[in-house]
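Coordinate analysis (summary)
Residue strings, one per chain:
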Amino acid sequence: MAEELIPADSDEAAAAAGAEEEEQPIKQRKNGLYPGVSDELAENMTSGWADTELRDLEPIAQAAHTADRRAALSARFPGERLVIPSGNLKTRSNDTEYAFRASTEYAYLTGDQSEDGVLVLEPQGGGHRATVYLLPRSDRENGEFWLSGQGELWVGRRHSLAEAEQLLGIPAQDVRELPEKLREATGPVRVVRGHDAAIEAALTDKVTAERDEELRVNLSEARAVKDAFEIGELQKACDSTARGFEDVVKVLDKAEATSERYIEGTFFLRARVEGNDVGYGSICAAGPHATTLHWVRNDGPVRSGDLLLLDAGVETHTLYTADVTRTLPINGRYSELQRTIYDAVYDAQEAGIAAVKPGAKYRDFHDAAQRVLTERLVEWGLVEGPVERVLELGLQRRWTLHGTGHMLGMDVHDCAAARTEAYVDGTLEPGMCLTVEPGLYFQADDLTVPEEYRGIGVRIEDDILVTEDGNRNLSAALPRRADEVEAWMAALKQG
Ligand code: GLY
Ligand code: MN
Ligand code: MN
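Since the structure is predicted, the reported quantities are computational estimates derived from the model, not experimental observations. (Residues numbered from 1 in each chain as written. Chains lettered and ligands numbered in written order. Predicted model: local features only at pLDDT ≥ 70, side-chain atom pairs only at ≥ 80, totals over all residues. Heavy atoms only, no water.)

With respect to the element layout, Arg481 can be found in the loop between β17 (470-473) and α19 (482-494). Given a relative accessible area of 36%, Arg481 falls into the partly exposed group. Taking the C-alpha atoms as reference points, Arg481 and Tyr346, separated by 135 residues in sequence, lie 6.8 Å from one another. Sequence-distant contacts of Arg481, defined by excluding residues within four places in its chain, comprise Tyr342 and Tyr346. (Helix = DSSP H or I, 4+ residues; strand = E, 2+ residues; numbered from the N terminus. Buried < 20%, exposed > 50% of the residue type's maximum accessible area, 1.4 Å probe, protein only. Contact = heavy atoms within 4.5 Å.)

Moving on, we get to the coordination of the manganese ion (ligand 2). Protein-derived coordination of the manganese ion (ligand 2) comes from Asp323 (OD), His406 (NE2), Glu437 (OE) and Glu461 (OE), at a distance range of 2.0 to 2.1 Å. Between the 6 donor atoms coordinating the manganese ion (ligand 2), the angles at the centre fall across 51 to 156 degrees, so the site counts as irregular. Of note, the donors binding the manganese ion (ligand 2) are all from one chain and are spaced D-x82-H-x30-E-x23-E. (Donors = N, O, S within 2.8 Å, 3.2 Å for Na, K, Ca; no water. Tetrahedral: all angles 85-135°; square planar, octahedral: opposite > 155°, others 65-115°.)

The subject of this paragraph is the environment of Val83. On the secondary structure map, Val83 appears in strand β1 (residues 81-85). For Val83, a relative accessible area of 0% corresponds to the buried category. Linking Val83 and Gln235, residues 152 residues apart in sequence, is a C-alpha distance of 31 Å. Ignoring anything within four residues of it in the chain, the contact list for Val83 reads Val118, Leu119, Leu182, Val189, Arg190, Val191, Val192, Ile199, Leu203 and Leu215.

Further remarks concern the site of ligand 1. Around ligand 1, a shell composed of Tyr280, Asp311, Asp323, His406, His413, Glu437 and Glu461 is seen. One nitrogen or oxygen atom from the side chain of His406 is found 3.0 Å from an oxygen atom belonging to ligand 1. At 3.0 Å, a side-chain N or O of Glu437 approaches an oxygen atom of ligand 1. The protein chains hide 90% of the 200 Å² of surface that ligand 1 would expose on its own. In the shell around ligand 1, the residues fall into 1 nonpolar, 2 polar and 4 charged. (Near = heavy atom within 4 Å. Polar contact = N/O pair within 3.5 Å; in protein donor to acceptor, adjacent residues only side chain to side chain. Areas by Shrake-Rupley, 256 points an atom, 1.4 Å probe, with all protein chains shown as cover. Nonpolar A, V, L, I, M, F, W, Y, C, P; charged D, E, K, R; others polar.)

Only Asp311 (OD), Asp311 (OD), Asp323 (OD) and Glu461 (OE) from the protein reach the manganese ion (ligand 3) as donors, at distances of 2.0 to 2.3 Å. Of note is the manganese ion (ligand 3), whose 6 donor atoms meet at the metal with angles of 58 to 170 degrees in an arrangement that counts as irregular. Taken in sequence order, the residues that donate to the manganese ion (ligand 3) follow the motif D-x11-D-x137-E. The metal-metal distance between the manganese ion (ligand 3) and the manganese ion (ligand 2) is 3.3 Å, with Asp323 coordinating both. Separated by 138 residues along the polypeptide, Asp323 in the loop between β11 (314-315) and β12 (324-329) and Glu461 in the loop between β15 (456-459) and β16 (462-467) bring together distant segments of the chain.

Time to look at the sheet that holds strand β9 (residues 283-286). Taken in spatial order, the 3 strands make up an open sheet running β9-β10-β12, and their pairing is antiparallel. What marks the edges here is a single partner per strand, and that holds for β9 and β12. Pairs of neighbouring strands in the sheet enclose a mean axial angle of 10 degrees, with direction left out of account. Bridge analysis of strand β10 (residues 307-312) against β12 gives 6 bridges, and the strand direction is antiparallel. (Pairing = 2+ DSSP bridges. Axes fitted to C-alpha atoms, helices over the stretch in contact; angles between N-to-C directions.)

Glancing now at the pattern of salt bridges. Taken as a whole, this structure holds 36 salt bridges when the rule is applied. Among the ionic pairs, Arg69 bridges to Asp227, the shortest N-O distance being 3.1 Å. Pair noted here: Arg69 is in helix α4 (residues 63-76) and Asp227 is in the loop between α11 (209-222) and α12 (228-250), with a separation of 158 residues, a long-range link. Under the relative-accessibility criterion, Asp227 is labelled partly exposed at 22%. With a closest N to O distance of 2.7 Å, Lys236 and Glu233 form a salt bridge. (Salt bridge = Lys/Arg side-chain N within 4 Å of Asp/Glu carboxyl O.)

On to the packing of aromatic side chains. Within the structure shown, the criterion is met by 8 aromatic pairs. Between Trp49 and Phe145 the ring centres are 5.4 Å apart and the planes differ by 75 degrees, which places this aromatic pair in the edge-to-face class. Separated by 96 residues along the polypeptide, Trp49 in the loop between α3 (39-45) and α4 and Phe145 in helix α6 (residues 144-147) bring together distant segments of the chain. What makes Trp49 partly exposed here is its relative accessible area of 41%. Ring centres of Trp399 and Phe442 lie 6.4 Å apart, and the angle between their planes is 40 degrees; this geometry places the pair in the tilted category. Of this pair, Trp399 sits in helix α18 (residues 397-400) while Phe442 sits in strand β14 (residues 439-442), and the two are 43 residues apart along the sequence. A single burial state applies to Trp399 and to Phe442, both of which are buried. (Phe/Tyr/Trp six-rings, centres within 6.5 Å; stacked < 30°, edge-to-face > 60°.)

A contiguous nonpolar surface patch, about 260 Å² in accessible area, is contributed by Leu153, Trp154 and Val155. Within the fold, Trp154 resides in helix α7 (residues 152-155). Residue classification places Trp154 among the partly exposed residues on the basis of a relative accessible area of 30%. (Patch = residues over 30% accessible without salt bridge, like charges linked within 9 Å, V, L, I, M, F, W, Y side chains within 5 Å.)

Moving on: the side chain of Gln338. Position of Gln338 relative to the elements: it lies in helix α15 (residues 336-354). Judged by relative accessible area, which is 8%, Gln338 ranks as buried. At a separation of 2.8 Å, a polar atom in the side chain of Gln338 contacts the main-chain carbonyl oxygen of Gly305. Once residues within four sequence positions are removed from consideration, Gln338 is found in contact with Gly305, Asp306, Leu307, Arg333 and Ile456.

Listed below in structure tokens is the structure:
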């Protein structure tokens, strides 16, 4: 990749982006401003381009739903200006950026995923008027389209503001004018923090951390119950994820010849081809790495006879993610002890899934799964009973380690800012989606368990939708029972 013609840190670059330059055609600014750009080239580059404006665009599928979401937010904060940024590119080095992912709050309310976008809800009448502020198409007259690092010639065509309005169903304006507008505006205002430092700076004297947090909490809780569109997206995420797991099983011999990275790369290919990305760093944990809960280094060996704990999820193009775990025998058959531990986790997951239904307490599925795991740990003599005593003291947690699940949606740990009473102390409702993911983990250096247990980790994780009459397992395309897993692997390896 060639370098930009404007050094990113030069005074000239700053001037080129400045307002006073906008009125001057490039050829009048050339002297020393753009090294290596002749008058003739500057003149030449401003002309000869076709009109590519897109007209009569259909709204994106989310548009009908995002209007309802904005209406709910408007009703909660009457008379207040609400500012929800998408976020900015983050520099990796020099003029190279990390992959951008729009903030969940912004994407949830607009359906848009542009960097630098900002949704503003202005109080109007009894409600609000929504405007989405975006970077418009690059100007061809002033050279920005080919001389600026964010010019369309470098990063690709953006939608014009008129196109964005049609797609999103929201009036669009130039985001470069927004900081000044926010500085001049009066009246109460809140911003979702952590995504756009320049927007926050423009509001710095007008907002408080406490009031902004209330906005973030509200948006987190609003996402707990999914609408029909969201449920469809979560199902797509789970279906792509199931295909990604199949891809991995088919190449386990190549992973054995290389490392866990082969598994990570294989799943990533599926995620990028069918979706936007992985929804979180894939956990490709072979052998004793399975006992490290968030093993994402994925640089270890893959050995026949060991287990592979694969925890991975495809994120759809609309930013909904699956979160699925299977613990697979790398050689296709569980050993006797692996199967015993696996079956305990399976039974715990079954008990957990059975506890997911409308009206149940959120904590019920965790308690149900923990009880089954504790019964087995006592039965195996790893901890002294009775079971009630172990549960009361939480002694099983040396091996169960984590909660049995969490809300799932646009974020893998969705609704994370929700208040305790609205989440872990809350009640399940139809449309909520959560993971049920019990596990047992015997660390390689755990001297309290027999040697043969050490280095074995098992987790089984599925994505469970609360329905009117119980639940639906969105990730049921992947087998869970030990014998079914073995048969599935055998069939894939033959195919
Ligand atoms: N993949 C992270 C989790 O299961 O919560
Ligand atoms: Mn999970
Ligand atoms: Mn997971």
